[in-house]
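Analysis of the macromolecular model
Chain by chain, the residues:
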Amino acid sequence: MARAMLHTMAGLVLAVALAAPGNGQEWARKMFEVTSHDFGTVARGAKTEFAFELTNLYLEDVRIAGVRSNCGCTTPRIEGDTLKTYEKGVIVARINSQSFLGHQSATITVTFDKPMRAQVQLHVKAYVYSNVLLEPAGVNFGTVPMGDSSTKTIGVRYSGRADWRILDVTSNNPHLAGKLNETLRAGGRVCYDLQVALTPDAPAGYIKDLLFLVTNDPRAKHVPVLVEGQVLPAVAVSPSSLFLGVVPPGQSVTRQVVVRGKEPFRITGIRADCDCLKAALPDDEPKALHLVAVTFTPGARTGKIAQTIVIETDSGEQIELPAHAVVNERNQ
């Protein structure tokens, strides 16, 4: 039943696209979570990006042939141009806030050439606040070991009103905190040092978040500051999500994952809720890097399979690795 539904869905997509070119674009648009973004107010020179995420919902591979913007105020780039079933990709839109000031808007055209030609238009807009300059363009913590704290400082430079002030620094991320130190106020120029701290209880993973400078200027009450970095766990697995492919019933497929730690460690156990997933324990020698082969052998049931593999170590760490596959008669 599930197999028939998957074939029917793929067939309908192809039939609609071939029959009506206008409607045929819809298969591509459905892969995007959102197709527009308003950056609001951004500082001159600030690093300002938004990631438009897309997911391949189909059995066929999807390939992004190119991406372009109709305005020099925005530079797009592709992260992951070929997507297999259920794989994710990203179109990143960056506002060129150093060169373009005031109100800006752009249409980004994403062109696909597989499984058939289609285009999707993404829309962005922003107001680049020329009075404020960030030096450097944002906060980058780089890599921080889990359990450690880190602090970075950037400059906030303003020219205009003599009474301009930053009233507060806010963030929705409880692991980020900002502290201000006014260093200059003269002749319509105001300078602050913005110190941003990452707390030691920050969870493992990538950081891409915003701090907001709350000002007394009604034209730009909230000025965002991009904060980036990565908190490294004691033990991590790569890839962070394992796609096993499109597999016919009863046929096995093996994928390799890397388990890496700051210090040498042993893998003491590997388990999954499904008997269809098997992984052999590596040798008992402590290492900072282990290679683990994961084998997937589906049963007769077709459709999407999603499971979690748990890797246990002698340090007490447990790493959860999401794994998924599509079981279908056709091996794409």
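Described below are features of the structure shown in this document. Just so we're clear, the structure is a prediction, and the values are computed from it rather than from any experiment.

So, on to the nonpolar core. If you look at the biggest cluster of nonpolar residues, it comprises 29 residues, and the most contacted ones within it are Val156 and Trp164. Looking at this core, the elements with two or more residues in it are strand 8 (118-135), strand 9 (139-145), strand 10 (150-159), strand 11 (166-171), strand 13 (189-198), strand 14 (205-215) and strand 15 (222-232). Here the element with the most residues in this core is strand 13; it accounts for five residues. In this structure, Trp27, Ile91, Ala93 and Met116 belong to the second largest nonpolar core, which totals 28 residues.

With that settled, consider the sheet that holds strand 21 (residues 287-296). As summarised here, the arrangement of the four strands in space is 16-18-21-20, forming an open sheet in which the pairing is antiparallel. Two strands in the sheet have a free side with no partner beyond their single neighbour: strand 16 (235-238) and strand 20 (277-279). Each neighbouring strand pair of the sheet contributes to a mean axis angle of 25°, computed without reference to strand direction. Looking at chain direction, strand 18 (residues 253-265) and strand 21 are connected through nine bridges and run antiparallel. Its bridge partner lying in strand 21, Gln256 is registered against Ala293.

Let's shift gears to the layout of surface pockets. Looking at the largest pocket, its volume works out to about 530 Å³. Gln230, Pro233, Ala236, Val237 and Ser240 are, among the 21 residues lining the largest pocket, the residues nearest its centre. Mapped by element, the contributors of at least two residues to the lining of the largest pocket are strand 14, strand 15, strand 16, strand 18 and strand 23 (318-327). Residues of the lining of the largest pocket, tallied by class, amount to 13 nonpolar, five polar and three charged. Here the second largest pocket is characterised by a volume of approximately 320 Å³. Around the second largest pocket, the lining is made up of 19 residues, and of these His37, Phe39, Glu49, Leu210 and Leu226 lie nearest the centre. Listing elements by their share of the lining of the second largest pocket, those giving two or more residues are strand 1 (36-44), strand 2 (48-55), strand 14 and strand 15. No other element matches strand 1, which puts five residues into the lining of the second largest pocket. By residue class, the composition of the lining of the second largest pocket is eleven nonpolar, four polar and four charged.

Among covalent bonds in proteins, the disulfide is the one between the sulfur atoms of two cysteines. Here the structure, examined in full by the defined rule, presents two disulfides. Here Cys71 pairs with Cys73 through a disulfide, and the sulfurs are 2.5 Å apart. When the S-S torsion is 140°, as for the bridge of Cys71 with Cys73, the disulfide is right-handed. In this structure, Cys71 and Cys73 share a single accessibility class: buried. Disulfide pairing places Cys274 opposite Cys276 at an S-S distance of 2.1 Å. Measuring handedness by torsion sign, the sulfur bridge of Cys274 and Cys276 sits at about 135° and is right-handed.

We now examine empty space enclosed by the protein. Under the criterion given, the structure shown has one cavity of 30 Å³ or more. Roughly 40 Å³ of volume is contained in the largest cavity. Surrounding the largest cavity, Leu244, Cys276, Leu277, Phe296, Ile305, Ala306, Gln307, Ala323, His324 and Ala325 form its lining. Listed by contribution, the elements that provide at least two residues to the lining of the largest cavity are strand 22 (303-313) and strand 23. When grouped by side-chain class, the residues that make up the lining of the largest cavity number eight nonpolar, two polar and no charged.

About the cut-offs
- Residues numbered from 1 in each chain as written.
- Predicted model: local features only at pLDDT ≥ 70, side-chain atom pairs only at ≥ 80, totals over all residues.
- Heavy atoms only, no water.
- Core = buried A, V, L, I, M, F, W, Y, C linked by side-chain atoms within 4.5 Å.
- Buried < 20%, exposed > 50% of the residue type's maximum accessible area, 1.4 Å probe, protein only.
- Helix = DSSP H or I, 4+ residues; strand = E, 2+ residues; numbered from the N terminus.
- Pairing = 2+ DSSP bridges.
- Axes fitted to C-alpha atoms, helices over the stretch in contact; angles between N-to-C directions.
- 1 Å grid on protein atoms, 1.4 Å probe; cavity = no way out; pocket = protein on both sides within 12 Å on 5 of 7 lines; lining within 4 Å.
- Points joined across faces, edges and corners; volume = space filled by probe spheres on them.
- Nonpolar A, V, L, I, M, F, W, Y, C, P; charged D, E, K, R; others polar.
- Disulfide = S-S within 2.5 Å.

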